[in-house]
Structures are given as C-alpha cells and as structure tokens.
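Structure assessment
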Amino acid sequence: MKQIHICLDVVPFPCESHTATNLVNFMNESLERWGLLEKLNVVIRNNARNIVSAMEVGKFTNIPCFAHTLQLVVKDGCLDNECISLLTATCRRIVGYFNHSVKSYKLLKLSQETLGLPKYSIIQDEPTRWNGTFYMLNRLIEQKDAILLVTPRFPSATRQNKELSNGEWDSVVPLVAALKVFEEVTLTASSSKVTTSEVIPIINAVNMSTDRIKDYGNFKESLCQSLHRRYGDCENEPICFCNNTRSQI
C-alpha cells in the first residue's frame with residue numbers, strides 16, 4: 001500500500017466562535033467541495049474538548065493524534081506529580097544559575113576539561129514542553145560530576161535551593177529513563193510512515209519498558225495509570241487492528 005499526503009485546504013476559519021457545530025459545518029463544507037464527504041474513513045484529531053465534541057456532533061469516526069496523546073500521558077502521569085515537580089524545579093534553578101553566571105559557566109567548562117567530560121552547555125528546559133525537561137535532566141546526569149565539582153565553590157547564599165541531594169540525583173536517573181521511552185516513541189509516532197496498525201505494538205512496548213523502570217514519588221504508578229486510561233482499551237479499537245483502516249496517527 002502506498003501512502004499519499006495531500007493538503008486539501010489552508011483557509012481562514014470563518015466563524016469567531018470555535019464551537020463544535022461551527023467546526024462540523026466547516027469540515028462538511030470542505031469535504032463536500034472536494035467530493036469526499038461520503039468517502040471519509042477516519043479523522044485524526046487533537047484532544048481539545050471542542051474538537052472531540054465536533055467529532056461526536058458530526059458522527060465522524062475518529063481517533064486522537066497518537067503523538068499528542070503521548071504528550072498528555074507524560075504530563076498528567078509524570079510531570080504533574082508533586083515530587084517530580086519539586087525535583088525538576090531544583091534542576092531548573094541549577095541550570096539557570098550556570099546559564100546566567102559567567103564565572104560559574106567558566107568553572108563548569110574547567111571542570112569538564114579536568115574530568116574529561118564533553119564540553120557541552122547544560123540545557124534550560126521549556127516547562128510547557130516535556131521533552132525539553134527530558135533533555136535538561138539527561139544533560140544534568142551526563143555532567144553530574146562536573147556540576148558537583150563546581151557547586152562547593154558557590155557562595156552559601158547562592159547554593160540555597162540550587163543543590164540536589166545524593167538521593168535526588170539518584171532519582172533523576174529513573175525519571176530520565178522513563179522520559180527517554182516516551183521521547184523515542186514520540187519520534188517513532190511522528191514519522192510520516194506510521195499508521196494506526198502500529199498503535200497496539202507501540203503501547204505494548206511502552207508498557208513493558210515502564211515495567212523495568214524504578215519508581216520515585218509514585219510517578220511510575222501515575223504514568224501507568226495515565227497510559228491505561230488513554231490506551232487501556234486500544235486492543236479493542238477496530239481502527240487499530242483492521243487492515244482496511246491503516247490511517248496515519
């Protein structure tokens with residue numbers, strides 16, 4: 001089967017209010033204009049409430065965007081966890097200090113050279129994008145020894161709220177491992193060649209991967225619960241296993 005990508009419409013939405021009814025009317029008009037209203041197989045949508053409502057009002061066969069839903073799994077199942085939020089906030093302050101202090105930045109580079117570590121800058125995340133948090137934490141783990149070598153040279157006042165205990169450093173490792181699973185899956189799901197037939201094996205692979213991850217602050221339990229809530233019934237979803245509905249996700 002050959003996949004074909006065609007953009008049918010890039011036009012302004014004519015209504016001020018993005019209600020479900022207005023969205024359905026707009027979609028139907030576009031589909032009718034192209035003669036596709038009776039040929040529509042499945043709609044891939046985001047998780048916004050008005051979009052979900054529009055699918056119900058229009059009685060469209062639909063499934064949520066796989067990659068977008070994975071983002072929600074990570075957010076509500078992991079990063080919204082109180083322990084994780086406090087941990088990442090401390091990591092953010094550490095990164096912020098190195099990025100805003102020329103002296104500490106130079107000391108970090110010197111420590112990297114002394115320890116034979118890659119001379120990479122540590123990464124400031126964007127809290128609204130979970131993969132940025134993954135890259136930040138992953139870099140901190142990579143540069144942990146250099147950071148620990150530099151931190152004692154900070155003034156006492158500066159060090160306040162900008163240090164991780166040994167236990168917290170240890171807890172970052174399983175968190176990074178969990179986020180790495182979702183980063184790799186998201187990259188796979190974002191491929192232009194991935195179809196709905198791959199949802200079930202991908203979710204099963206994620207479940208097996210999370211089973212092997214150590215827990216911290218019950219984030220693993222929350223993550224699994226969120227994954228189950230959103231994809232626990234995917235093996236009973238006809239769109240995911242019917243050979244004739246291999247839509248993109």
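Note on numbering: residues in each chain are counted from 1, in written sequence order. Whole-chain, interface and lining totals are the exception, using all residues; otherwise, since this is a predicted model, local features are given only for residues with pLDDT of at least 70 and side-chain atom pairs are given and counted only at 80 or more. Excluded from the side-chain calculation are hydrogens and water; included are all heavy atoms of the structure.

**Examining the environment of K119**
Residue position: K119 is located in the loop between α5 (102-115) and α6 (130-142). Residues are treated as being in contact if the distance between any of their heavy atoms lies within 4.5 Å. Setting aside its immediate chain neighbours within four residues, K119 contacts K109, Q112 and E113. To qualify as a helix, a DSSP run of H or I must reach at least 4 residues; to qualify as a strand, a run of E must reach at least 2; elements of each kind are numbered from the N terminus.

**Re the side chain of T133**
Relative to the elements of secondary structure, T133 occurs in helix α6. Of the residues examined, T133 reaches a relative accessible area of 2% and is grouped as buried. Those residues within four positions of T133 in sequence are excluded, and the remaining contacts are L79, T88, R92 and D125. Partly exposed describes any residue whose relative accessible area lies between the buried limit of under 20% and the exposed limit of over 50%, with all areas from a 1.4 Å probe on protein chains only and scaled to the type maximum.

**Concerning the nonpolar core**
Residues belong to a common nonpolar core when they are buried Ala, Val, Leu, Ile, Met, Phe, Trp, Tyr or Cys residues joined through side-chain atoms within 4.5 Å. The biggest cluster of nonpolar side chains holds 48 residues, and the ones touching the most others in it are L137, L140 and F182. Elements with a minimum of two residues in this core: α3 (66-79), α4 (82-100), α5, α6, α7 (144-150), α9 (166-189), α10 (199-211) and α11 (219-231). Tallying contributions element by element places α9 first for this core, with 10 residues. Beyond its immediate chain neighbours, meaning those up to four positions away, L137 contacts T88, C91, V172, L175, V176 and L179.

**A few points about a nonpolar patch on the surface**
Where nonpolar side chains cluster on the molecular surface, the patch consists of I4, I6, L8 and W34 and spans about 440 Å² of accessible area. Relative to the assigned elements, I6 resides in the segment before α1 (20-33). Residues form patches when they are more than 30% accessible in relative terms and have no salt bridge. Like charges link within 9 Å. Nonpolar side chains (Val, Leu, Ile, Met, Phe, Trp, Tyr) link within 5 Å. Each accessible area value is a Shrake-Rupley result obtained with a 1.4 Å probe; residue values ignore everything except the protein chains displayed when judging cover. Just to be clear on terms, a salt bridge is a Lys or Arg side-chain nitrogen sitting within 4 Å of an Asp or Glu carboxyl oxygen.

**Some thoughts on the packing of aromatic side chains**
A pair of Phe, Tyr and Trp rings is counted when the ring centres sit within 6.5 Å of each other, with Trp represented by its six-membered ring. The angle between the planes then sorts it: under 30 degrees is stacked, over 60 is edge-to-face, the rest tilted. In total, this model carries four aromatic pairs according to the counting rule given. Between F13 and F26, the ring centres sit 5.1 Å apart and the planes meet at 75°, which makes this aromatic pair edge-to-face. Of this pair, F13 sits in the segment before α1 while F26 sits in helix α1; the two residues are 13 residues apart in sequence, bridging distant segments of the chain. An angle of 85° between the planes, with centres 5.3 Å apart, marks the rings of F66 and Y231 as edge-to-face. In this pair, F66 is assigned in helix α3 and Y231 in helix α11, connecting sequence segments 165 residues apart. For the pair formed by F66 and Y231, the shared burial category is buried.

**Quick word on the environment of C234**
Within the element layout of this structure, C234 appears in the loop between α11 and α12 (238-241). Under the relative-accessibility criterion, C234 is labelled buried at 7%. Linking C234 and I200, residues 34 residues apart in sequence, is a C-alpha distance of 6.4 Å. Look past the residues within four positions of C234 in its chain and what remains in contact with it is V199, I200, I203 and C240.

**Looking at α3**
The end-to-end C-alpha distance of α3, which contains 14 residues, comes to 19 Å, matching closely the 20 Å that a straight helix rising 1.5 Å per residue would cover. Looking only at α3, the buried set comprises F66, A67, T69, L70, V73, V74, G77, C78 and L79. Residues of α3 that are buried sit in contact with β2 (62-64), α4, α6, α9, α10 and α11. Helix span, expected: 1.5 Å multiplied by one less than the number of residues in the helix.

**A word on the pattern of salt bridges**
In this structure the tally under the stated criterion is seven salt bridges. The shortest N-O distance in the salt bridge between R33 and D9 comes to 2.6 Å. Linking R33 in helix α1 with D9 in the segment before α1, this pair joins segments that are 24 residues apart in sequence. Note on R33: relative accessible area 54%, which makes it exposed. We classify D9 as partly exposed; its relative accessible area is 28%. Linking K119 and E113 is a salt bridge whose minimum nitrogen-to-oxygen distance equals 3.5 Å. On the basis of relative accessible area, K119 is assigned to the partly exposed category, the value being 49%. The exposed category is assigned to E113, whose relative accessible area is 52%. Bridged by salt links that share partners, the residues D76, R229 and R230 form one connected network.

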